[in-house]
Amino acid sequence: MKHKTKVAIIGSGNIGTDLMMKVMRLSKNLEMGAFVGIDPNSDGLQRAARFNIPITADGLDGLLAMPGFSDIKIVFDATSAAAHQRHDRALEACGDPAVH
């Protein structure tokens, strides 16, 4: 069996949730490693939890603190444009150029 690359999605709104569903249903190479939001009551986080995907409602800080974060190789940012630069800087500081 081919090893799949674990990904995280930041943003539990419609765009992030749609991307999560596409990764789960269509990708032969990617698998969900984490789903990240800031609203613990968002439909996206609740849906991810039903699929047993690790979730956090603590935003990027929550993702960085997750036990499985070191297994994440790609992070998709489905948040606002204003948040992208901050997220990119924080992920770049992790030292793995493939993560972000």
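This text follows the structure it describes.
Cut-offs and rules
Residues numbered from 1 in each chain as written. Predicted model: local features only at pLDDT ≥ 70, side-chain atom pairs only at ≥ 80, totals over all residues. Heavy atoms only, no water. Helix = DSSP H or I, 4+ residues; strand = E, 2+ residues; numbered from the N terminus. Rg over C-alpha atoms; globule rule 2.2 N^0.38 Å. Buried < 20%, exposed > 50% of the residue type's maximum accessible area, 1.4 Å probe, protein only. Contact = heavy atoms within 4.5 Å. Areas by Shrake-Rupley, 256 points an atom, 1.4 Å probe, with all protein chains shown as cover. Lys, Arg positive; Asp, Glu negative; His and termini not counted. Charge placed at Lys NZ, Arg CZ, Asp CG, Glu CD. Salt bridge = Lys/Arg side-chain N within 4 Å of Asp/Glu carboxyl O. Pairing = 2+ DSSP bridges. Right-handed = clockwise from strand over helix to strand, strands pointing away. 1 Å grid on protein atoms, 1.4 Å probe; cavity = no way out; pocket = protein on both sides within 12 Å on 5 of 7 lines; lining within 4 Å. Points joined across faces, edges and corners; volume = space filled by probe spheres on them. Nonpolar A, V, L, I, M, F, W, Y, C, P; charged D, E, K, R; others polar. Arc of directions from axis to C-beta.

(A) View of the overall build of the protein. Each helix and strand in the protein was counted, giving four helices and four strands. Going from the N terminus to the C terminus, the protein shows its helices and strands as β-α-β-α-β-α-β-α. On C-alpha atoms alone, the protein measures out to a radius of gyration of 12 Å, which is about the 13 Å that the 2.2 N^0.38 rule sets for 100 residues. Expressed as lengths along the three principal axes of its C-alpha atoms, the size of the protein is roughly 30 × 30 × 25 Å. A burial count over the protein gives 38% of its 100 residues as buried. Long-range contacts, defined here as pairs at least 24 residues apart, represent 57% of the contacts in the protein between residues at least 6 apart. In the form shown here, the protein has an accessible surface area of approximately 6100 Å², with 53% of it arising from carbon and sulfur atoms. Here the protein contributes 11 positively and 11 negatively charged side chains, and the mean placements of these two sets differ by 10 Å.

(B) Representation of the pattern of salt bridges in the model. Under the criterion given, the structure shown has one salt bridge. A salt bridge links Lys22 to Asp18, with the nearest nitrogen and oxygen atoms 3.0 Å apart. Taken together, the positions of Lys22 and Asp18, both in helix H1 (residues 14-26) and four residues apart, correspond to about one turn of that helix.

(C) Representation of the pairing of strand E2 (residues 30-36) in the model. Across the seven residues that make up E2, a large majority, six, are buried. Both strand E1 (residues 5-10) and E2 contribute to a ladder of six bridges, which runs parallel. Across the sheet, the residue bridging to Val7 is Met32, located in E2. Tracing the backbone out of E1, into H1 and back to the parallel element E2 gives a crossover that is right-handed. Pairing of E2 with strand E3 (residues 55-56), which is carried by two bridges, proceeds in the parallel orientation. From the neighbouring strand, Val36 faces E3, where its bridge partner is Thr56. Handedness of the β-α-β unit built from E2, helix H2 (residues 43-50) and E3 comes out right-handed.

(D) Layout of the layout of surface pockets. Its boundaries defined by the atoms lining it, the largest pocket holds a volume of some 220 Å³. Along the walls of the largest pocket sit 17 residues, with Ile38, Gly59, Leu60, Arg86 and His87 positioned nearest its centre. Elements with a minimum of two residues in the lining of the largest pocket: helix H3 (59-65) and helix H4 (81-92). At four residues, H4 tops the list of elements feeding residues into the lining of the largest pocket. Taken together, the residues of the lining of the largest pocket break down into six nonpolar, seven polar and four charged.

(E) Inspection of H2 at higher detail. Restricting attention to buried positions, one finds in H2 the residues Gly44, Leu45 and Ala48. Within H2, the buried residues cover an arc of 95° as seen down the axis, which keeps them to one side. Those residues of H2 that are exposed and angled more than 90 degrees off the buried face are Asp43 and Arg50. The secondary structure elements touched by the buried residues of H2 are H1, E2 and E3.

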